[in-house]
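# Secondary and tertiary structure notes
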Amino acid sequence: MIKKILLSIASIFLILQSFNLLSLIQNIEIESVPVIFLIAWILNIFITGIFAFLGFAYPTQKLFPLSYYVIHNSKRLKAVYKFMRIDLFRKFLLATFWKSKGMRKKYFDGKKSGLPNLIKQSKKSEIGHLLPFIVLSFLSIYFLLLKLFVLSIFTMLWNVLGNLLPIILQRHHRMRIQLIHKRNSRLSK
C-alpha cells in the first residue's frame, strides 16, 4: 500500500513537472539546439515516467481489452521488427538497462511456469510505453503548431527511441509466446 502511494506521488510530481516545463517552453524562446535536444529528452523522461510509475503501482495493462494484446499479423510485425533493427535495440537494452540477471529474472525466470508473468510484464511494459507515445506524439504536433519545429522533431525522435521501439519489442515477445502456446497446445492434444 505504501509503495502504491509513493509511486502515485511520484507520478503526480512528474505530471506537475511536465506542466511546468511545457509552460516554460511556451513562454521563452530557446535558440540553442543542444538545449532544445535536452528539453525534448527531459519531457520524454517526465511523461514516460508518469506512466511507468502508474504501471508499477496499478494493473495498467487492464486498460486495454485482451484482444488488443493478440498479435494478428505476425509477418508484418516481423517485417517492422527487422526494418527498425529492433534486434540491435534489444541487445543494447540487455547490455545496459537489463544487464542484471536478477532484474531479468523478475521479468522471466526462464521456466515454463514463468510464462504468465512474462506475458503480464510485457503487457505492462507495452502500455507503459504506448500511453506516453500517444501523449508525446500529440505534443510533437502541438509544438509544430507553435512553430517550434526543432523541438517537435527532437521530441518525436526521443519518443520513437524511448517508446515506439519498446512497444514493438514487447509485441514481438508476445508473438513468440503465442507461437509457443500454439505449439504446446498442439502437442498436448
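Read on for a plain summary of the structure. (Residues numbered from 1 in each chain as written. Predicted model: local features only at pLDDT ≥ 70, side-chain atom pairs only at ≥ 80, totals over all residues. Heavy atoms only, no water.)

## Brief notes about the packing of helix H1 (residues 2–27) against helix H2 (residues 33–57)
Two elements in contact, H1 and H2, have axes separated by 8 Å at closest approach and are oriented at 155°. The pairing of H1 with H2 is recorded here as roughly antiparallel in orientation. The handedness of the crossing between H1 and H2 comes out as left-handed. Residues Lys 4, Leu 7, Ala 10, Ser 11, Leu 14, Ile 15, Gln 17, Ser 18, Leu 21, Leu 22 and Ile 25 of H1 touch H2, and the partners they reach there are Ile 39, Ile 42, Leu 43, Phe 46, Ile 47, Gly 49, Ile 50, Phe 53, Leu 54, Phe 56 and Ala 57. Among the residues forming the contact of H1 with H2, the class breakdown is 17 nonpolar, four polar and one charged. (Axes fitted to C-alpha atoms, helices over the stretch in contact; angles between N-to-C directions. Helix = DSSP H or I, 4+ residues; strand = E, 2+ residues; numbered from the N terminus. Parallel < 35°, antiparallel > 145°, perpendicular 65-115°, else oblique. Left-handed = near helix turned anticlockwise from the far one by under 90°. Contact = heavy atoms within 4.5 Å. Nonpolar A, V, L, I, M, F, W, Y, C, P; charged D, E, K, R; others polar.)

## Section: the packing of aromatic side chains
Taken as a whole and judged by the stated rule, the model has eight aromatic pairs. On the basis of an interplanar angle of 80° and a centroid distance of 5.1 Å, the ring pair of Tyr 68 and Tyr 69 is categorised as edge-to-face. On the basis of relative accessibility, which here comes to 23%, the residue Tyr 68 falls in the partly exposed class. What makes Tyr 69 buried here is its relative accessible area of 3%. Plain terms: the ring middles of Tyr 142 and Phe 143 are 6.1 Å apart, the flat faces sit at 45° to each other, and that makes the pair tilted. With relative accessibility at 31%, the residue Tyr 142 sits in the partly exposed group. An aromatic cluster is defined as three or more aromatic residues linked by ring pairs; in this entry it consists of Phe 37, Trp 41, Phe 154 and Trp 158. (Phe/Tyr/Trp six-rings, centres within 6.5 Å; stacked < 30°, edge-to-face > 60°. Buried < 20%, exposed > 50% of the residue type's maximum accessible area, 1.4 Å probe, protein only.)

## Let's talk about the nonpolar core
Counting 23 residues, the largest nonpolar core has Ile 25, Leu 43, Ile 47, Leu 139, Phe 143 and Leu 151 as the members making the most contacts within it. Where this core is concerned, the elements lending two or more residues are H1, H2, helix H7 (115–145) and helix H8 (149–187). Leaving out residues up to four positions away in the same chain, Phe 143 has contacts with Leu 22, Ile 25, Leu 43, Leu 148, Leu 151, Ser 152 and Thr 155. Grouped together as the second largest cluster of nonpolar side chains are 10 residues, Tyr 81, Phe 89, Ile 168 and Met 175 included. (Core = buried A, V, L, I, M, F, W, Y, C linked by side-chain atoms within 4.5 Å.)

That's the geometry; what it means functionally is another story.
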